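Listed below are the residues making up each chain.
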Amino acid sequence: MLPVREAERLVLLNWRGAFIGKGWGSDNLMSHPFYRDLRDQTDVFEGVASAAAPTIVNLGVDNGVETVGAEIVTGSYFKMLGVGTLAGRTIDESDDDQPGAHPVVMLSADYWRTRLGAAPTSSAARC
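Residues numbered from 1 in each chain as written. Predicted model: local features only at pLDDT ≥ 70, side-chain atom pairs only at ≥ 80, totals over all residues. Heavy atoms only, no water.

**Looking at the overall build of the protein**
Check the secondary structure of the protein and you find three helices and three strands. Listed N to C, the secondary structure of the protein is α-β-β-α-α-β in terms of helices and strands. Of all 127 residues assigned to the protein, the portion counted as buried reaches 17%. Expressed as a percentage of contacts within the protein between residues at least 6 apart in sequence, the contacts between residues at least 24 apart total 43%. Carbon and sulfur atoms make up 52% of the accessible area of the protein, which totals about 9,100 Å². (Helix = DSSP H or I, 4+ residues; strand = E, 2+ residues; numbered from the N terminus. Buried < 20%, exposed > 50% of the residue type's maximum accessible area, 1.4 Å probe, protein only. Contact = heavy atoms within 4.5 Å. Areas by Shrake-Rupley, 256 points an atom, 1.4 Å probe, with all protein chains shown as cover.)

**Digging into the pattern of salt bridges**
A side chain of one charge can pair with a side chain of the opposite charge if their charged atoms are brought near each other. The tally for this structure, following the rule as stated, stands at seven salt bridges. Close ionic contact of R89 with D95 constitutes a salt bridge, the shortest N to O distance being 2.9 Å. One salt-bridge network, in which partners are shared between bridges, spans R5, E6, R9 and E46. (Salt bridge = Lys/Arg side-chain N within 4 Å of Asp/Glu carboxyl O.)

**Section: the side chain of T74**
Mapped onto the elements of the fold, T74 is located in the loop between β2 (64-70) and α2 (77-81). You can call T74 buried: its relative accessible area is 5%. Residues contacting T74, with those up to four places away along its chain left out, are H32, Y35, A49, S50, I91 and D96.

The values reported here are purely geometric and, on their own, carry no functional implication.
In structure tokens, the structure reads:
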């Protein structure tokens, strides 16, 4: 079982059509417009979230840049899973509102502790 709220109720939808993404994640991804339509027009699911397969990003920390593993998710991802934070906030649906806006980063607890010394108000990381 996944360490999330009501894991037994989760459903994974798998895309079996032509690849329609932009190269992020695996070839079973649905487009973001399809995700939005499913989220906004469904009466089948209580909530809809989307995540891409793991990828690599450049994360600016202090005055340098590190290559780190990441997963690109929609703003509903953490709320739907019932996952919170140790500090700060989760990514939320308002973060999806502006295409091309500056990305929002949520760090793992391990990275926050080991790389940033668990600083309670670290604004040193940027994507």
